[in-house]
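Here are the chains, one letter per residue:
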Amino acid sequence: MAEIGLTSDETRNPTLGGDVEDYVALLKPRVMSLAVFTALTGMVAAPGTIHPALGLIALLAIAVGAGASGALNMWWDADIDAVMQRTRSRPVPQGRVTAEEALAFGLILSVLSVLTLGITVSWLAAGLLAFTIAFYVIIYTMWLKRRTPQNIVIGGAAGAFPPMIGWAAVTGSISLDSTILFLIIFVWTPPHFWALALYRASDYEAAGVPMLPVVSGPSETRRQILLYSALLVPLACTPAITGLGGTAYAIVSVGLGIAFMGFAIDVWRKTEGAAGDKAAKRLFGFSILYLFLLFAVLLAEHSIRHLAG
Amino acid sequence: MMVATSGNDEQRRRQRMRSLAIGLALAALVVLFYVATIVRLGPNALKKDGGFTSRPPVTQDSTKQAPK
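Criteria and cut-off values
- Residues numbered from 1 in each chain as written.
- Chains lettered and ligands numbered in written order.
- Predicted model: local features only at pLDDT ≥ 70, side-chain atom pairs only at ≥ 80, totals over all residues.
- Heavy atoms only, no water.
- Helix = DSSP H or I, 4+ residues; strand = E, 2+ residues; numbered from the N terminus.
- Buried < 20%, exposed > 50% of the residue type's maximum accessible area, 1.4 Å probe, protein only.
- Contact = heavy atoms within 4.5 Å.
- Areas by Shrake-Rupley, 256 points an atom, 1.4 Å probe, with all protein chains shown as cover.
- Core = buried A, V, L, I, M, F, W, Y, C linked by side-chain atoms within 4.5 Å.
- Domains from an automatic or database assignment.
- Bend = angle between axes of the 7 residues up to and from the residue.
- Polar contact = N/O pair within 3.5 Å; in protein donor to acceptor, adjacent residues only side chain to side chain.
- Salt bridge = Lys/Arg side-chain N within 4 Å of Asp/Glu carboxyl O.
- Phe/Tyr/Trp six-rings, centres within 6.5 Å; stacked < 30°, edge-to-face > 60°.
- 1 Å grid on protein atoms, 1.4 Å probe; cavity = no way out; pocket = protein on both sides within 12 Å on 5 of 7 lines; lining within 4 Å.
- Points joined across faces, edges and corners; volume = space filled by probe spheres on them.
- Nonpolar A, V, L, I, M, F, W, Y, C, P; charged D, E, K, R; others polar.

S.K.: Help me out: how do you make sense of the overall build of chain A in this one?
M.R.: The secondary structure content of chain A amounts to 16 helices and one strand. Taken across its 309 residues, chain A has 53% of its residues classed as buried. When contacts within chain A are restricted to residue pairs at least 6 apart in sequence, those whose partners lie at least 24 apart make up 75%. A total of about 13,300 Å² of accessible surface is found on chain A, and carbon and sulfur atoms cover 68% of it.

Shown next, in the form of structure tokens:
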């Protein structure tokens, strides 16, 4: 049987157009999955109920909206993506999808996701989704990312909106509890990304992205990581005080918080060479687990309450 | 045997896959809006007149009252 192969020249030829998987890659599936997971938690934790079919449609719209902002980000950032090791294999810098195609893809999906959410579920949720996409693309990607080391502090808000959108899809409102969920992700974002930036500083420097370690140096970054961690840990425990989280959440948030502070202190203390990089990598990895577990416990507690009640 | 496909064949294959993906996405969107309509409007959405009538339904009581 003949095997069909392609030369590398053909796979990189933009006139061929992208494959379906290239368009899937434009959606940043991993970022998308975090948005879906936190939005689902917001929906389940919200007081009230939503028809399961409408809930599924809302989640799909939020997923597509998050993916659309990823595609628009890749359209705008193609030049720096080509320089950075972590992003150079993306479809646009590889020439498998043109920047214009990524732009059109992102815009169409943005409009579709917002309209679908508005028409079928809630216009407040749709408005928040539209604001999130606009914030991520215009405020973060186009404006802040290349201008200030505070880029991910402010830009991080975009990633923090999904639980609030999920909550609004169920209740049609914004509340203190949904704001707390927003704030947890918002304050979690800087130590998470700065831990990554600590051991990828040269990559960001080569691309001209003014991440904190590039502009202010690793010592100041380590200090800022510690400060934001000290803010995050008590904040992440507040759902247990407001009643949003139950006993399990209280135990998990305190336990994980102590561990988070431990990793942050480790990053602050180990400033040199491989040990410093290793500490930053450990904090980066743990930060993902930390957020996932906090939301997973909330999701589990409220799912049990729904099933019992 | 290794055979390198020509650019045209590969271009056509990718075009076909993209068209298929767009077709499936549009079909999914139609199903999604159909389901959302049924859920939001309830069983009335399945009635021939959409659950709305131009005059009140004639009931047993109203026919009895007519001679008065």
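S.K.: What should I look at first to understand the nonpolar core in this one?
M.R.: All names here are of chain A. Leu-117, Ile-184 and Tyr-290 are the most contacted members of the largest nonpolar core, which totals 83 residues. Three or more residues apiece are contributed to this core by two domains, here domain 1 (17–173) and domain 2 (175–303). Non-local contacts of Leu-117, meaning those with residues more than four positions away in its chain, are made with Ala-58, Ala-61, Ile-62, Ser-122, Ala-125, Ala-126, Leu-129 and Ile-165. Formed by eight residues, the second largest nonpolar core is a distinct cluster that contains Tyr-23, Leu-26, Ala-78 and Val-92.

S.K.: Sorry if this is basic, but what is going on with the environment of A:Leu291 here?
M.R.: All names here are of chain A. Mapped onto the elements of the fold, Leu-291 is located in helix 16 (residues 273–308). With a relative accessible area of 2%, Leu-291 lands in the buried category. In sequence terms Leu-291 and Ser-253 are 38 residues apart; their C-alpha atoms lie 9.7 Å from each other. The contact partners of Leu-291, leaving out residues within four places of it in the chain, are Leu-34, Ile-184, Ile-185 and Trp-188.

S.K.: Please explain helix 8 (residues 123–144) of chain A as it appears in this structure.
M.R.: Residues that lie three or four places apart on an α-helix share one face, since the helix turns once every 3.6 residues. All names here are of chain A. Along its length, helix 8 shows its largest kink, about 30 degrees, at Phe-135. Among the residues of helix 8, Ala-125, Ala-126, Leu-128, Leu-129, Thr-132, Ile-133, Phe-135, Tyr-136, Val-137, Tyr-140, Thr-141 and Leu-144 are the ones counted as buried. Summarising the contacts, the buried residues of helix 8 are in contact with helix 4 (52–76), helix 7 (99–120), helix 9 (151–160) and helix 10 (162–171).

S.K.: I tried to follow the side chain of A:Thr221 on my own but got confused; where do I start?
M.R.: All names here are of chain A. With respect to the helices and strands, Thr-221 occurs in helix 14 (residues 217–242). A relative accessible area of 0% means that Thr-221 is categorised as buried. A polar side-chain atom of Thr-221 sits 2.8 Å from the main-chain carbonyl oxygen of Gly-217. When residues no more than four places from it in sequence are discounted, the contact partners of Thr-221 are Trp-194, Leu-198, Leu-212 and Pro-213.

S.K.: Whenever I open this one, the environment of A:Val214 confuses me. Can you help?
M.R.: All names here are of chain A. Relative to the assigned elements, Val-214 resides in helix 13 (residues 212–215). C-alpha separation for the pair Val-214 and Ala-197, spaced 17 residues apart in sequence, amounts to 8.5 Å. Those residues in contact with Val-214 that sit more than four places away from it in its chain are Ala-201, Tyr-204, Glu-205 and Val-209.

S.K.: Explanation requested: the pattern of salt bridges in the structure shown.
M.R.: Once their charged atoms are close, side chains differing in charge can pair, the charge on each being opposite to the other. On inspection of all chains with the given rule, the structure shows 13 salt bridges over all chains. One salt bridge connects A:Asp266 with A:Lys270, and the closest N-O pair in it is separated by 3.2 Å. By relative accessible area, which is 16% here, A:Asp266 ends up buried. The partly exposed category is assigned to A:Lys270, whose relative accessible area is 35%. For B:Arg14, the salt bridge identified is with B:Glu10, shortest N-O distance 2.7 Å. Of this pair, B:Arg14 and B:Glu10 both sit in helix 1 (residues 7–41), separated by four residues, roughly a single helical turn. B:Glu10 carries the same exposure label as B:Arg14, and that label is buried. Salt bridges sharing common partners tie together A:Asp19, B:Glu10, B:Arg13 and B:Arg14.

S.K.: What is the right way to look at the packing of aromatic side chains in this model?
M.R.: Think of a pair of aromatic rings as described by two things: how far the centres are apart, and how the planes are tilted against each other in angle. All names here are of chain A. Counting across every chain of the model gives 14 aromatic pairs over all chains. Measuring from ring centre to ring centre gives 6.3 Å for Phe-286 and Tyr-290, while their planes differ by 40 degrees; the resulting arrangement is tilted. Pair noted here: Phe-286 and Tyr-290 are both in helix 16, with a separation of four residues, about one helical turn. Ring pairing ties together the aromatic residues Phe-131, Phe-135, Phe-161, Phe-182 and Phe-186, which thus form one cluster.

S.K.: How should the layout of surface pockets be read in this particular structure?
M.R.: Here the largest pocket is characterised by a volume of approximately 1,400 Å³. Looking at side-chain class alone, the lining of the largest pocket contains 28 nonpolar, 14 polar and seven charged residues. Shared between two domains, the lining of the largest pocket holds at least three residues of each, these being domain 1 (17–173) and domain 2 (175–303) of chain A. Looking at the second largest pocket, its volume works out to about 830 Å³. As for the second largest pocket, its lining consists of 25 residues, of which A:Phe105, A:Leu109, A:Leu112, B:Ala21 and B:Ala25 are closest to the centre. Mapped by element, the contributors of at least two residues to the lining of the second largest pocket are helix 2 (20–26), helix 4 and helix 7 of chain A together with helix 1 of chain B.

S.K.: How should helix 10 of chain A be read in this particular structure?
M.R.: All names here are of chain A. Along helix 10, nine of the 10 residues are buried, which leaves the element largely enclosed by surrounding structure. Those residues of helix 10 lying buried are Pro-162, Pro-163, Met-164, Ile-165, Gly-166, Trp-167, Ala-168, Ala-169 and Val-170. Downstream of helix 10 by one or two residues, Gly-172 has phi in the positive range, about 75 degrees.

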